[in-house]
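These are the residues of each chain, in order.
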Amino acid sequence: QVQLVESGGGLVQTGGSLRLSCVASGSIFSINAMGWFRQAPGKEREFVGRISWSGGSTYYADSVKGRFTVFRDNAKNTVYLQMNSLKPEDTAVYYCAARIPPTLKFEYWGQGTQVTVSS
């Protein structure tokens, strides 16, 4: 089992920045990737970005590419989502998630943190 706790959400103006954190605990040695997802009101949850736990390779949704960065600090068991040039359409609850082999799905989820971008 893996437990995830996000923090860092809040209210920011258009063009501003926020950094979200996700601390993992439990069977973290089993994790092979961490991801960030978001869900806006009335919309489906969507993928934002992910990072491999060991090699650090990253992958992003087109909507955030060039503005958001996922990085990790393995010593702190923490993954971050640095969000720059925020837009009102980035407003959502942001979730971090962990993927443990052999599944290809992200099955462990945090409680979410609200990000609101005002225009």
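Coordinates for the structure precede this section.
Presented here is a report on the structure given in the accompanying data block. Nothing here was measured: the structure is a model prediction, and the numbers come from that model.

Considerations on the overall build of the protein
Item 1. A count of helical and extended segments in the protein gives 0 helices and 11 strands.
Item 2. The N-to-C order of helical and strand elements in the protein reads β-β-β-β-β-β-β-β-β-β-β.
Item 3. Computed over C-alpha atoms, the radius of gyration of the protein comes to 13 Å, within 12% of the 14 Å expected from 2.2 N^0.38 for 119 residues, which places it in the range of a compact globule.
Item 4. Intrachain contacts of the protein at a sequence separation of at least 6 include 53% that bridge at least 24 residues.
Item 5. Entry remark: accessible area of the protein is about 6,200 Å², with carbon and sulfur atoms responsible for 50%.
Item 6. Across the protein, the centroid of the 12 positively charged side chains sits 4 Å from that of the 8 negatively charged ones.

Structural notes on the state of the cysteines
Item 1. What the rule picks out here adds up to 1 disulfide.
Item 2. Disulfide partner of C22: C96, at an S-S distance of 2.0 Å. Looking down the S-S bond of the C22 and C96 bridge, the torsion is 55°, so its handedness is right-handed. With C22 in strand β3 (residues 18–26) and C96 in strand β9 (residues 92–99), this pair connects stretches of sequence that are 74 residues apart. Considered together, C22 and C96 belong to a single accessibility category, that of buried residues.

Quick notes on the pairing of strand β7 (residues 68–73)
Item 1. Note that β7 and strand β8 (residues 78–83) share 6 bridges and pair antiparallel. Following the sheet pairing, F71 is matched in β8 by Y80.

Quick word on the pattern of salt bridges
Item 1. Summed over the entire model, instances satisfying the criterion amount to 4 salt bridges.
Item 2. Close ionic contact of R38 with D90 constitutes a salt bridge, the shortest N to O distance being 2.9 Å. A residue pair is termed long-range when its members are at least 10 positions apart, and R38 in strand β4 (residues 33–39) and D90 in the loop between β8 and β9 qualify at 52 residues.
Item 3. The exposure class assigned to R38 is buried, which follows from its relative accessible area of 6%.
Item 4. The salt bridge partner of D90 is R67, with a shortest N-O separation of 2.7 Å.

With respect to the side chain of S52
Item 1. Its place among the elements puts S52 in strand β5 (residues 46–52).
Item 2. Look past the residues within four positions of S52 in its chain and what remains in contact with it is N32, A33, S57 and R72.

Cut-off values and rules
- Residues numbered from 1 in each chain as written.
- Predicted model: local features only at pLDDT ≥ 70, side-chain atom pairs only at ≥ 80, totals over all residues.
- Heavy atoms only, no water.
- Helix = DSSP H or I, 4+ residues; strand = E, 2+ residues; numbered from the N terminus.
- Rg over C-alpha atoms; globule rule 2.2 N^0.38 Å.
- Contact = heavy atoms within 4.5 Å.
- Areas by Shrake-Rupley, 256 points an atom, 1.4 Å probe, with all protein chains shown as cover.
- Lys, Arg positive; Asp, Glu negative; His and termini not counted.
- Charge placed at Lys NZ, Arg CZ, Asp CG, Glu CD.
- Disulfide = S-S within 2.5 Å.
- Buried < 20%, exposed > 50% of the residue type's maximum accessible area, 1.4 Å probe, protein only.
- Pairing = 2+ DSSP bridges.
- Salt bridge = Lys/Arg side-chain N within 4 Å of Asp/Glu carboxyl O.

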